[in-house]
Amino acid sequence: MTVRVRLAPSPTGTLHLGTARTALFNWLFAKKEGGSFLLRIEDTDTERSKEEYLKNIYDGLQWLGINWDESPIIQSERINEHKQIIKTLLDKGLAYKCYASEAELDEMRETQKRNGLAPKYDNRHRNLTPEQESEFIKIGREPVIRFKISDERLISWTDLIRGKMTWSGKDLGGDMVIARRASANSIGDPLYNLVVVADDSAMKISHVIRGEDHIANTAKQILLYEALDLNIPVFAHTPLILNSEGKKLSKRDGVTSISEFKKMGYTSEAMANYMTLLGWSVPEGINERFKISEISTIFSFKKVNKASAKFDWDKLNWLNSQIIHEMPAETLLENLDPLFKENGWHLPSQEWGIHLVGLIGPSMILINDGVDQAKPFFEEPELSNDGKKQLKIKEAAVILKFILEKLENSDSAFISKEAALDLINQATKNCEVKKGLVMKSLRAALFGTLNGPDLIQSWVLLSRFRKDRDRIRRFI
Ligand code: GLU
């Protein structure tokens, strides 16, 4: 079988983590099977669909390295085909016009509720006589179109993740609406289950891989495939992603869209790696740190869990930090430089930038950490509490004065590593203090705080901007 899978996002919001994970499983499966991964843009909700969301979805997938084959199918452009299929169902007597008003349907649901029953359309207009229909038309009722679902039907399929699945026709809510209300002599806007079947079939989709929240839709869609004599694809329903409290991950959890993760400083490699682990167990002997291109050869639905996956920030952070720590300095600088520029910071040279990232990289977890850590090199830092305390020690001013004088008498504009070390040793001896006191006082004066990367190297870099003297001068 030629494997053809698809992602069918609706451009009514930014690319959500769950959709991106579904995309990833589709993509991995297509790669593994030597098949195609396609996109279909489900933009029939014209009010909520937006061009900027579509761009966000394309950009997010590309950023993650999930490339697609063929041009994306735009669902709204296929409305005539969808309506033609509805007409086929009407002609076959498998669908019909239902004239029940919203008020009548509300009343029906209220009664069901009062009697402790689940809300379900009672198929009241399934067998209207032509006379009854013309009565409704005469009083101006606009019908929806419903597809007949028999209560007695059992629908079964073998899910690639969940195994044998069975759904009863009586649990599908009665005859299903497949087209919105419209005048009786036309066909209204086709609805989700109908258009998905029409499009998946037209796109020759072999496997439908999507979230488990679509399981009931799958049962309905199988009935449509059968009614239309179309090939039924294989289904795989992926587990939901839950937050740390075990609830479905939602907007309330703050960050849920891929572009937000990117903005926070997560790398695309860490995101793709982590999302694959959200539901997929790594086979024995395979490292949990991988590139998606590397594991596409071993990906299989056998290792996708049925149970929901809990989102684990610590694990994502760990992966991200590993990736940053292993990144070549040039690449890390490429990632950081645009963020530096956004702050109006310019590298004095490429070499300087490479040294800087070499210095701060090992303690970065997020790309954006590099901005915070680089800040004191570009901007005069505020004094932290520990910095203030250090500079209040009475020897601090003496030490700094000694160092400043030496710097001012030096012929060279920049300080070298050797000269910095020598100056610290001289200050220790001359001021008759411990070396630690010299180092701490100097760090507080130069960088505002007592924490940070290697002092000597940091000082060397700062001196490139000739800022070290000014900063020391403030405290003597
Ligand atoms: N547009 C649907 C969604 O975003 C697609 C579901 C499907 O894959 O059939 O959930």
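**Considerations on the overall build of the protein**
Thinking step 1. Check the secondary structure of the protein and you find 20 helices and twelve strands.
Thinking step 2. For a compact globule of 476 residues, the expected C-alpha radius of gyration is about 23 Å, and the protein comes in at 32 Å, more than 25% above that figure.
Thinking step 3. Its C-alpha atoms give the protein principal-axis dimensions of about 110 × 50 × 40 Å.
Thinking step 4. In the protein, once contacts between residues fewer than 6 apart in sequence are set aside, the share between residues at least 24 apart is 76%.

**Topic: the site of the ligand**
Thinking step 1. Around the ligand, a shell composed of R6, A8, S10, E42, Y192, R210 and H214 is seen.
Thinking step 2. Between the ligand and S10 there is a distance of 3.1 Å, counted from a nitrogen atom to a side-chain nitrogen or oxygen.
Thinking step 3. In this structure, E42 approaches the ligand through a side-chain N or O atom, which is 2.6 Å from a nitrogen atom.
Thinking step 4. Surface burial for the ligand is 77%, taken as the share of its 300 Å² of free accessible area covered by protein chains.
Thinking step 5. Considering only residue class, the shell around the ligand consists of two nonpolar, two polar and three charged.

**Here's the deal with helix α2 (residues 51-64)**
Thinking step 1. Its 14 residues give α2 an end-to-end C-alpha distance of 20 Å, which sits within 8% of 20 Å, the value for a rise of 1.5 Å per residue.
Thinking step 2. Listed in full, the buried residues belonging to α2 are L54, N56, I57, G60, L61 and L64. All buried residues of α2 lie within an arc of 160 degrees about the axis, which places them on one face of the element. In this structure, α2 carries E51, E52 and K55 as exposed residues pointing more than 90 degrees from its buried face.
Thinking step 3. Residues of α2 that are buried make contact with β1 (4-7), α1 (17-33), β2 (36-41), α8 (258-264), α9 (268-277) and α10 (292-295).
Thinking step 4. Positive phi shows up at G65, right after α2, with a value of about 85 degrees.

**Thoughts on the environment of I155**
Thinking step 1. Looking at the element boundaries, I155 is found in strand β6 (residues 154-159).
Thinking step 2. Of the residues examined, I155 reaches a relative accessible area of 0% and is grouped as buried.
Thinking step 3. A sequence separation of eleven residues divides I155 from T166, and the C-alpha atoms of the two residues are 5.5 Å apart.
Thinking step 4. Other than its neighbours up to four places away in sequence, I155 contacts M165, T166, W167, S168, G169, L172, A219, I222 and L223.

**Some words on the side chain of N217**
Thinking step 1. With respect to the helices and strands, the residue N217 is situated in helix α7 (residues 215-227).
Thinking step 2. Of the polar contacts made by the side chain of N217, one reaches the side chain of N193; its length is 3.3 Å.

**Describing the environment of N123**
Thinking step 1. Its place among the elements puts N123 in the loop between α4 (102-114) and α5 (130-138).
Thinking step 2. The exposure class of N123 is buried, given its relative accessible area of 18%.
Thinking step 3. With near-sequence residues (within four places) excluded, N123 lies in contact with Y96, I149, G174 and D175.
Thinking step 4. Within the local environment of N123, its side chain forms a polar contact with the backbone nitrogen of D175, the two atoms lying 2.9 Å apart.

**So, the packing of helix α3 (residues 79-91) against helix α6 (residues 192-202)**
Thinking step 1. Packing of α3 against α6 brings their axes to within 10 Å, and their N-to-C directions diverge by 105 degrees. In this view, α3 runs roughly perpendicular relative to α6, as classed from their interaxial angle. Residues H82, I85, I86 and L89 of α3 pack against L194, V195, A198 and D199 of α6.
Thinking step 2. Across the contact of α3 with α6, the residue classes tally to six nonpolar, one polar and one charged.

**What to know about the side chain of E42**
Thinking step 1. Take E42: it is sitting in the loop between β2 and α2.
Thinking step 2. Since its relative accessible area comes to 8%, E42 is described here as buried.
Thinking step 3. A distance of 3.0 Å separates polar atoms of two side chains, one belonging to E42 and the other to R40.
Thinking step 4. Side chain to side chain, E42 and Q75 meet in a polar contact 3.2 Å long.
Thinking step 5. Apart from the residues lying within four places of it in its own chain, the contact partners of E42 are A8, P9, S10, P11, Q75, Y192 and V196.

**Brief notes about α1**
Thinking step 1. Between the first and last C-alpha of α1 there are 24 Å, a value that for 17 residues agrees with the 24 Å anticipated at 1.5 Å per step.
Thinking step 2. Once α1 finishes, G34 follows within two positions and takes phi at roughly 65 degrees, a positive value.

**Describing the pairing of strand β10 (residues 234-238)**
Thinking step 1. Of all five residues in β10, four are buried, a share of seventy percent or more.
Thinking step 2. Sheet analysis places strand β9 (residues 207-211) next to β10, joined by five bridges and oriented parallel. Directly across from I209, in β10, lies its bridge partner A236.
Thinking step 3. In this fold, β9 hands off to α7, which returns the chain to β10; that crossover is right-handed.

**Re the packing of α9 against helix α11 (residues 313-326)**
Thinking step 1. Between α9 and α11, the shortest axis-to-axis distance is 9 Å and the interhelical angle comes to 140 degrees. Regarding α9 and α11, the two cross each other, and that crossing is right-handed. Across from E269, A270, M271, N273, Y274 and L277 in α9, the residues of α11 making contact are K315, L316, L319, N320 and I323.

**Describing the pattern of salt bridges**
Pairing is possible between side chains that carry opposite charge, provided their charged atoms lie close to one another.
Thinking step 1. A complete count under the given rule lists 29 salt bridges for this structure.
Thinking step 2. Across the pair D200 and R40 runs a salt bridge, and its minimum N-O distance is 2.6 Å. Of the two residues, D200 sits in helix α6 while R40 sits in strand β2, which places them 160 residues apart along the sequence. In terms of burial, D200 and R40 fall into one category: buried.
Thinking step 3. With a shortest N-O distance of 3.0 Å, D122 and R124 are connected by a salt bridge.
Thinking step 4. Judged by relative accessible area, D122 falls into the partly exposed class, the value being 38%.
Thinking step 5. Note on R124: relative accessible area 36%, which makes it partly exposed.
Thinking step 6. The network of salt bridges with common partners includes R6, R40, E42, R78, D199 and D200.

Cut-offs applied
- Residues numbered from 1 in each chain as written.
- Predicted model: local features only at pLDDT ≥ 70, side-chain atom pairs only at ≥ 80, totals over all residues.
- Heavy atoms only, no water.
- Helix = DSSP H or I, 4+ residues; strand = E, 2+ residues; numbered from the N terminus.
- Rg over C-alpha atoms; globule rule 2.2 N^0.38 Å.
- Contact = heavy atoms within 4.5 Å.
- Near = heavy atom within 4 Å.
- Polar contact = N/O pair within 3.5 Å; in protein donor to acceptor, adjacent residues only side chain to side chain.
- Areas by Shrake-Rupley, 256 points an atom, 1.4 Å probe, with all protein chains shown as cover.
- Nonpolar A, V, L, I, M, F, W, Y, C, P; charged D, E, K, R; others polar.
- Expected span 1.5 Å × (residues − 1).
- Buried < 20%, exposed > 50% of the residue type's maximum accessible area, 1.4 Å probe, protein only.
- Arc of directions from axis to C-beta.
- Axes fitted to C-alpha atoms, helices over the stretch in contact; angles between N-to-C directions.
- Parallel < 35°, antiparallel > 145°, perpendicular 65-115°, else oblique.
- Pairing = 2+ DSSP bridges.
- Right-handed = clockwise from strand over helix to strand, strands pointing away.
- Left-handed = near helix turned anticlockwise from the far one by under 90°.
- Salt bridge = Lys/Arg side-chain N within 4 Å of Asp/Glu carboxyl O.

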